[in-house]
Amino acid sequence: MKRYEDLSPSLRCIMTPGPVEVDPRVLRAMSFPVLGQFDPEFTDIMNETMGMLRELFVTGNQWAYPVDGTSRSGIEAVMVSLIAPGDRVLIPIFGRFGHLLHEIAERCGAEVRVLEKTWGSVFEPSEVIAAMENFRPQVVAMVHGETSTGRVQPLAEIGRACREQDCLFIVDAVATIGGVPVETDAWMLDAVIGGTQKCLSVPSGMAPITYNERAEAKLLTRKRVERGLRTGDVQPGELSFVRSNYFDLGMLQDYWSPKRLNHHTEMTSMLYALREGLRLTLEEGLAARFARHVLHEKALVEGLTAMGLHLYGDPESKLTVVTCVLIPEGVDGESVRSMLLDRFGIEIASSFGPLKGLIWRIGTMGFSCRENNILRLLGALEAVLIRHGLSVPRGLGVQAALDVYESNIR
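Residues numbered from 1 in each chain as written. Predicted model: local features only at pLDDT ≥ 70, side-chain atom pairs only at ≥ 80, totals over all residues. Heavy atoms only, no water.

Peer 1: Got a minute to help me understand the sheet that holds strand E3 (residues 88-93) in this structure?
Peer 2: Strand-to-strand pairing in sheets goes through backbone hydrogen bonds, with the strands running parallel or antiparallel. Here we have 7 strands laid out as an open sheet, ordered E2-E10-E9-E8-E5-E3-E4, and mixed in their pairing. Each edge of the open sheet carries a strand with a single partner, namely strand E2 (63-68) and strand E4 (111-116). Strand after strand, the sheet turns through a mean of 20° between neighbouring axes, direction not considered. Across the sheet, helix H9 (residues 268-284) lies against E2 and strand E10 (206-211), angled at about 65° from E10, the strand it touches most. (Pairing = 2+ DSSP bridges. Helix = DSSP H or I, 4+ residues; strand = E, 2+ residues; numbered from the N terminus. Axes fitted to C-alpha atoms, helices over the stretch in contact; angles between N-to-C directions. Contact = heavy atoms within 4.5 Å.)

Right, here's the structure in full:
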């Protein structure tokens, strides 16, 4: 019989756009005893988590809770619940994850129209609004922070236009929540999906979402209670019911409401992790947290520039928490990544689609976003590039980052 060794994963410095290093206090929370999902002590934790999510999303929405599953589960739950077959859906795409929204909308049976922007830039709000006026969609779905290109899309004007045209605005804020401002109510976002494994520094496995009364009104027209739980007074919805059982927000909100109508067995330890990650985020303060991400982004960018490296994409739309670096001509990008990981224990990301082999993507998110990680990465990258035959100004990258940190202290 084969014998298996004790599990002992290597310690890594994870500087990708997700997952990132998990705060040790979150890992500790995951070790706490498991409670039953209807234990009053556990339902209190559920309610606390909802309250903290409202603060994170900056919203007064009643509904703010996690979908059990990775970030994609939250995206799919919102879209399959809010997009009925035949709905007109507009999807502006400026990177890989806009294509994911297109994919899911098609699976919902929607009539989809897309706008596409060259990767590395974002839309002027007027471009999206003009397309809305022409197409008259019932739903607009859009990515806020696109990790494939390191860009962030302005949303406030589009949100206002959606409200004026009475269409729902669904936003993928997986990469931005907890690291970049996301103003759900002020920007008039009807449904927002966040992620745990990025700026919140919680393991992948839950997808925080929030949606307002406009979105809920559509959910209720599609509501259908599970057969084994129905009573005589429960009627099917007016519209085509949601084709997914697990991702039906109408049933999920009953589970998270005072009804506690059974739907699935809640992920106890992951909820502990999310609660602790949210607690730490709010304890730091959203404004202070956003400022921390800006500081370390600046140190990283100054260091990379001092090394003679060039950034990818329109600087006006750069996403604070992801920095895309053009791979120097003649350098094997995958070999550099492998050496960083094997010799220094540092992981950065490659890319995909039209950017495959052209850029590295460096994440500065959550717990990974700290001074010693930035300095360690810059020093290691310099050493690895020299090993790969690139002429790099020696020592200038780390010194430039140190200058940023010292000027911040003054």
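Now that the structure has been shown, the text picks up again.
Peer 1: Honestly, the environment of Glu-216 in this entry has me stumped. Any pointers?
Peer 2: One can find Glu-216 in helix H7 (residues 213-221). A relative accessible area of 15% places Glu-216 in the buried class. Residues Glu-216 and Glu-302, 86 residues apart in the sequence, show an inter-C-alpha distance of 45 Å. (Buried < 20%, exposed > 50% of the residue type's maximum accessible area, 1.4 Å probe, protein only.)

Peer 1: Would you explain the nonpolar core in this entry?
Peer 2: One broad rule of soluble globular proteins: the nonpolar side chains tend to lie buried together. Among the nonpolar cores identified, the biggest contains 89 residues, and Tyr-65, Met-79, Met-132, Phe-169, Ile-170, Tyr-211 and Leu-249 are the most heavily contacted of them. For this core, the element with the most residues is helix H2 (residues 40-57), which contributes 8 residues. What Tyr-211 contacts, discounting residues up to four positions off in sequence, is Asn-61, Trp-63, Tyr-65, Asp-190, Ala-191, Glu-216, Leu-219, Leu-249 and Gln-253. Judged by nonpolar contacts, the second largest core, of 29 residues, contains Ile-362, Leu-377, Leu-381 and Ala-401. (Core = buried A, V, L, I, M, F, W, Y, C linked by side-chain atoms within 4.5 Å.)

Structural measurements only, silent on function.
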